[in-house]
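Close look at the chain arrangement
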Amino acid sequence: MAVAERVLGQPVKRKEDPRFIQGAGRYLDDIVLPRMLYMAIVRSPYAHARVKAVPKEAALSVPGVVAVITGEDLEKAGLAWMPTLAGDKQMVLAVGKVLFQGQEVAAVVAETREAAFDGAHALAQVVEYEPLPVVVDPFKALEPDAPILREDREQKTNHIWHWEVGDRDRTERAFAEAEVVVRQEVYYPRVHPAPLEPCGCIADYNKATERLTFYVTSQAPHAHRTLLALVSGLPEHKIRVISPDVGGGFGNKVPVYSGYVCAVVASLQLGRPVKWVETRTENLQSTHFARDFHMTCEIAADRDGRVKALRVKTIADHGAFDAAANPSKFPAGLFSIVTGSYDFPTAFVEVDAVYTNTAPGGVAYRCSFRVTEASYLIERTMDVLADELGMDPVELRLKNFIPPEKFPYPSPLGWTYDSGNYAETLKKAMDIIGYWDLRKEQEEKRKRGELMGIGVSTFTEIVGAGPAHTFDIAGIKMFDSCEIRVHPTGKVLVRTGVRHQGQGHETTFAQIVADELGIPVDDVLVEEGDTDTAPYGLGTYASRSTPTAGAATAMAARRVRDKARKIAAHLLEASEEDVVWENGRFHVAGAPGRSVSFQEVAFAAYTNPPEGVEPGLEAVYYYNPPNLTFPNGAYICVVDIDKGTGQVKVRRFVAVDDCGTVINPMVVEGQVHGGLTEGFGIAFMQEIVYDENGNNLSSDFSTYLLPTAMETPKWETDRTVTPSPHHPIGAKGVGESPNVGSPAAFVNAVVDALSHLGVRHIDMPITPWKIWKILREHGIE
Ligand code: CDP
């Protein structure tokens, strides 16, 4: 009997790639429907202004324009404001005033895309505004004489909320008694997920069937359907949301945007499909940003380097509307993972959110809700502490890691870490890169006046939200789902409640099913993104797919196998208890020669089911995770700095990740490469910048820079494997680890190169200009 090869852990080539690399993916803008109209949005050039008049006629007189929608129109329909995921409300189209540059003022619908843009342009020329004082700095926004931005709220300040977690008194005491205290202010700049495919939708309302089909670049189709039903009043069963191939999401495609609501309103009014696709500039100006956390971190420690307490204060700039995409109970997301990989006896964290005249947001850009900010902060400040104590950064880390025997580990900020062996991961990264040799090389180079730095980041992630008792988004509990249908010939259709945007679920989830059922990966088709067919789920973001829907997939496959066992017993004329599943076949215990394959069982499920057993072979599983998963990693970066230009060259970067059981090492490596490249962009090149008038100075790719293959360093990856004890196959998420863990490694390396000059911190992005100035300030030419 042939032993079925295990497909879990194999670098199976991605099933989705043939269509992507042949240009045969079907993205939103590839969809053209009969009688389709196009929509363009008129946006505010001002960051804060009263809107005096929106004279629609200017657009309506442009040939091809069929309708114009304004805030006033929406107000009459009760749709001028929509709820945000953070429990705030946001104007769909401006009513009364605008609060950020690029805010939606009117929607113009036309027979062609060009006519829609012409109409929007004509209208934009004549909208009357009365400029108001602008505030883009969150600290100034909190001053008593700051202009009040949100006049719609009862509370007449720009302060949105205060959130705190941890033991304040115990932490205060630990600081009072500490031998050493370090304090570092750290700004994590405003950045943007900037997926290559911007956001867009087609709303197709059929007046005869009263059904709305809504095609949208969505990371969470089911949640979008529910929110659409709640906002529009349409019955949910008459809404079908289809998320076609998605060209990158990174958190940008989780929220509901004004363009979506306007397209639905236009289609309802006109009874024709309406397409809206934003431009790159619209994407960078108005769809949701990430980060923008002004953080102060203090660590109390013993002189020998043992950490005693952590204290963090943060001002979070949320822009004009609090549209952060966080689970409801966590206004600052999972920022309280900020104690990281270290065994802090106590910690206390405070976050205050503030309105400014900037775009709304706070999306989880490739991170599990503010984990990147937390990880960057602790990894930066641990280096500050190492510098203060004159210790090597790895020695400080090794001394303070949560030891393997303490797992499951209750953190002082309320999490229960599932598993990890942080020292093993760090030591592996150190071996690969030759850490101590590099330190010697650095010493030699310093003598010659050369600038070389080594940066370490040993981060802990927190991914896979739920559990449902703690996590919900807009009230919807955070579980996820999988439905498996086995066809009579043993081929399998798998549908899940998440929606990949390039992460490879069509391959990796097929591997899970193939492994559980002993069938070839090619026999499994994975479908996601259609609410009419997929089971309900919360979507793909925050590295939650594998911990939640991946777990649901394994559990649904096991349900299928349980039923298959009954059918196998019937075929083998044995009792069910005597049937064993081994090496991908069912056989009678003690008689491996008497066996049947999964395919034979599948055929029998339709042609020869046993008495009393339902025909067919299907299962659905809604998986409510008992806990999150806590992947970790150790990243080490080596940089050389050119004294003449301030240019930083990343010479080496070693990333050792631990995401538990690996389903597909090639996919994991691809995820790590992508995330490291994003982290590199954030560390060295990117920032959404506003001038004092609220003009967005980084609203295209000539000012908001993406790393190309030219700038991107060579990544060296490896892994350790500490399975999650509560996940059915032991897997933890991985998609976000590299973006979460790498910025600190880059910055730590640069600061390390300059530490002998007394430099302790440099805010991102670390541009050559910043370094050049620092070098000149320290007399280095
Ligand atoms: O939610 P998202 O898909 O963005 O993140 P993820 O769950 O971390 O998964 C990213 C990709 O890596 C998926 O195709 C996973 O199935 C795959 N993966 C894996 O092969 N092994 C793991 N332990 C974790 C993820």
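As the structure is a computational prediction, the values presented were derived from the model and not from experiment.

**Focus: the overall build of the chain**
Counting secondary structure elements, the chain contains 19 helices and 32 strands. The C-alpha radius of gyration computed for the chain amounts to 27 Å, which stays within 12% of the reference 28 Å derived for 781 residues, consistent with globular compactness. Over its C-alpha atoms, taken along the principal directions, the chain stretches across nearly 85 × 75 × 50 Å. Among the 781 residues that make up the chain, the fraction classed as buried is 63%.

**Observations concerning the UniProt feature "domain: Aldehyde oxidase/xanthine dehydrogenase a/b hammerhead" (unreviewed entry) in the chain**
Taking the UniProt record as the reference, the feature "domain: Aldehyde oxidase/xanthine dehydrogenase a/b hammerhead" (unreviewed entry) is found at residues 22-133. Across residues 22-133 one finds 21% helix and 33% strand; the C-alpha atoms that close the span lie 51 Å apart.

**Quick notes on the domain arrangement of the chain**
Each domain of the chain was delimited in the assignment, giving domain 1 (17-23 + 480-623), domain 2 (32-131 + 197-247 + 253-286) and domain 3 (290-401 + 416-465 + 627-777). Taken over C-alpha atoms, the centre of domain 1 sits 39 Å from the centre of domain 3. In this assembly, 20 residues from domain 1 lie in contact with 21 residues from domain 3. With both sides pooled, the region where domain 1 packs onto domain 3 buries about 1400 Å², and carbon together with sulfur makes up 62% of that total. Listing elements by their share of the side of domain 1 that touches domain 3, those giving two or more residues are helix 14 (505-517) and helix 15 (545-572). Sorting elements by how many residues they give to the side of domain 1 that touches domain 3 places helix 15 first, with eight residues. In the side of domain 1 that touches domain 3, the residues fall into eight nonpolar, nine polar and three charged.

**Considerations on a nonpolar patch on the surface**
Nonpolar side chains collect at one region of the surface, where Leu196, Phe701 and Leu706 lie side by side and expose about 260 Å² of accessible area between them. Residue position: Leu706 is located in the loop between helix 17 (665-684) and strand 32 (716-719).

**Brief notes about the site of the ligand**
Taken together, 24 residues form the shell around the ligand, and within it Gln503, His505, Ser545, Thr546 and Val734 come nearest. Within the side chain of Thr546, one N or O atom sits 2.6 Å away from an oxygen atom of the ligand. Within the backbone of Thr661, one N or O atom sits 2.7 Å away from a nitrogen atom of the ligand. Relative to its unbound accessible area of 510 Å², the ligand is 98% covered by the protein chains. Mapped onto the shell around the ligand, the elements with two or more residues apiece are helix 14, helix 15 and helix 17.

**Considering helix 8 (residues 258-270)**
Between its terminal C-alpha atoms helix 8 stretches 18 Å, which fits the 18 Å expected from 13 residues at 1.5 Å a residue. Within helix 8, 10 of the 13 residues are buried, which leaves the element mostly enclosed by the surrounding structure. Two residues or fewer after helix 8 comes Gly271, characterised by a positive phi angle close to 65 degrees.

**A short note on the sheet that holds strand 29 (residues 618-623)**
Pairing within the open sheet is mixed, and its four strands lie in the order 25-24-23-29. The open sheet has two edge strands, strand 25 (524-527) and strand 29, and neither has a second partner. Taken pair by pair, the neighbouring strands of this sheet meet at an average axis angle of 15 degrees, ignoring direction. Summarising the sheet, strand 23 (residues 480-486) and strand 29 pair through six bridges and their orientation is antiparallel. Looking at the pairing, Ser481 lines up with Tyr622 of strand 29.

**Here's the deal with the packing of aromatic side chains**
The final tally for this structure, using the stated rule, is 34 aromatic pairs. Aromatic pair Tyr260 and Trp276: ring centres 5.9 Å apart, planes at 70 degrees, arrangement edge-to-face. Of the two residues, Tyr260 is situated in helix 8 and Trp276 in strand 14 (residues 274-277); the sequence distance between them amounts to 16 residues. Taken individually, Tyr260 and Trp276 each receive the classification buried, so the pair is uniform in this respect. Measuring from ring centre to ring centre gives 5.2 Å for Phe293 and Phe335, while their planes differ by 75 degrees; the resulting arrangement is edge-to-face. In this pair, Phe293 is assigned in strand 15 (residues 290-301) and Phe335 in the loop between strand 16 (307-317) and strand 17 (346-354), connecting sequence segments 42 residues apart. Of the two residues examined, Phe293 and Phe335, each falls in the buried class. Looking at Arg190, its charged tip hangs above the ring of Phe289, at a distance of 3.5 Å from the centre.

**Remarks on the side chain of Gln671**
With respect to the secondary-structure elements, Gln671 resides in helix 17. Judged by its relative accessible area of 13%, Gln671 falls in the buried class.

**Some details on the sheet that holds strand 8 (residues 128-131)**
Pairing is antiparallel in the open sheet, where three strands are placed in the order 6-2-8. Edge strands, defined here as strands with exactly one partner in the open sheet, are strand 6 (97-98) and strand 8. Here strand 2 (residues 49-53) pairs with strand 8 via four bridges, running antiparallel. Bridge pairing in strand 8 places Val51 opposite Tyr129.

**Quick word on the packing of helix 11 (residues 393-400) against helix 12 (residues 422-433)**
Relative to each other, helix 11 and helix 12 sit at 160 degrees, their axes nearing to 10 Å. The pairing of helix 11 with helix 12 is recorded here as roughly antiparallel in orientation. Crossing hand, helix 11 versus helix 12: left-handed. Counting all contacts with helix 11, which are made through Val394, Arg397 and Leu398, the residues of helix 12 involved are Ala423, Leu426, Lys427 and Met430. Residue composition of the contact of helix 11 with helix 12, grouped by class: five nonpolar, no polar and two charged.

**Things to note about the pairing of strand 17**
With nine of nine residues buried, strand 17 lies mostly within the body of the structure. Residues Thr346, Phe348, Glu350, Asp352 and Val354 point to one face of strand 17 and Ala347, Val349, Val351 and Ala353 to the other, with burial holding for every one of them. Pairing geometry for strand 9 (residues 159-166) and strand 17, over seven bridges, is antiparallel. Bridging across to strand 17, Trp161 finds its partner in Ala353. Bridge analysis of strand 16 against strand 17 gives nine bridges, and the strand direction is parallel. Bridging across to strand 17, Lys313 finds its partner in Glu350.

**A closer look at the environment of Val526**
Looking at the secondary structure, you find Val526 in strand 25. Sequence separation between Val526 and Glu164 is 362 residues, and the spatial gap between their C-alpha atoms is 42 Å. Residue contacts for Val526: discarding those within four places in its chain leaves Val494, His505, Glu506, Phe509 and Ala510.

**What to know about the pattern of salt bridges**
Taken as a whole and judged by the stated rule, the model has 58 salt bridges. Arg150 is the partner of Asp88 in a salt bridge, and the nearest nitrogen-oxygen pair spans 3.0 Å. Separated by 62 residues along the polypeptide, Asp88 in the loop between strand 4 (81-83) and strand 5 (89-91) and Arg150 in the loop between helix 5 (138-141) and strand 9 bring together distant segments of the chain. For Asp88, a relative accessible area of 14% corresponds to the buried category. Of the charged contacts in the structure, one is a salt bridge between Arg366 and Glu678, with a shortest N-O distance of 3.0 Å. Taken together, the residues Arg366 in the loop between strand 17 and helix 10 (371-389) and Glu678 in helix 17 connect sequence positions 312 residues apart. Each member of the salt-bridge network shares a partner with another, and the members are Asp88, Lys89, Arg150 and Asp152.

About the thresholds
Residues numbered from 1 in each chain as written. Predicted model: local features only at pLDDT ≥ 70, side-chain atom pairs only at ≥ 80, totals over all residues. Heavy atoms only, no water. Helix = DSSP H or I, 4+ residues; strand = E, 2+ residues; numbered from the N terminus. Rg over C-alpha atoms; globule rule 2.2 N^0.38 Å. Buried < 20%, exposed > 50% of the residue type's maximum accessible area, 1.4 Å probe, protein only. UniProt positions renumbered as here; feature names shortened; annotations may be inferred. Domains from an automatic or database assignment. Contact = heavy atoms within 4.5 Å. Buried area = accessible area lost by both parts, 1.4 Å probe. Nonpolar A, V, L, I, M, F, W, Y, C, P; charged D, E, K, R; others polar. Patch = residues over 30% accessible without salt bridge, like charges linked within 9 Å, V, L, I, M, F, W, Y side chains within 5 Å. Areas by Shrake-Rupley, 256 points an atom, 1.4 Å probe, with all protein chains shown as cover. Salt bridge = Lys/Arg side-chain N within 4 Å of Asp/Glu carboxyl O. Near = heavy atom within 4 Å. Polar contact = N/O pair within 3.5 Å; in protein donor to acceptor, adjacent residues only side chain to side chain. Expected span 1.5 Å × (residues − 1). Pairing = 2+ DSSP bridges. Axes fitted to C-alpha atoms, helices over the stretch in contact; angles between N-to-C directions. Phe/Tyr/Trp six-rings, centres within 6.5 Å; stacked < 30°, edge-to-face > 60°. Lys NZ or Arg CZ within 6 Å of the ring centre and 35° of its normal. Parallel < 35°, antiparallel > 145°, perpendicular 65-115°, else oblique. Left-handed = near helix turned anticlockwise from the far one by under 90°.

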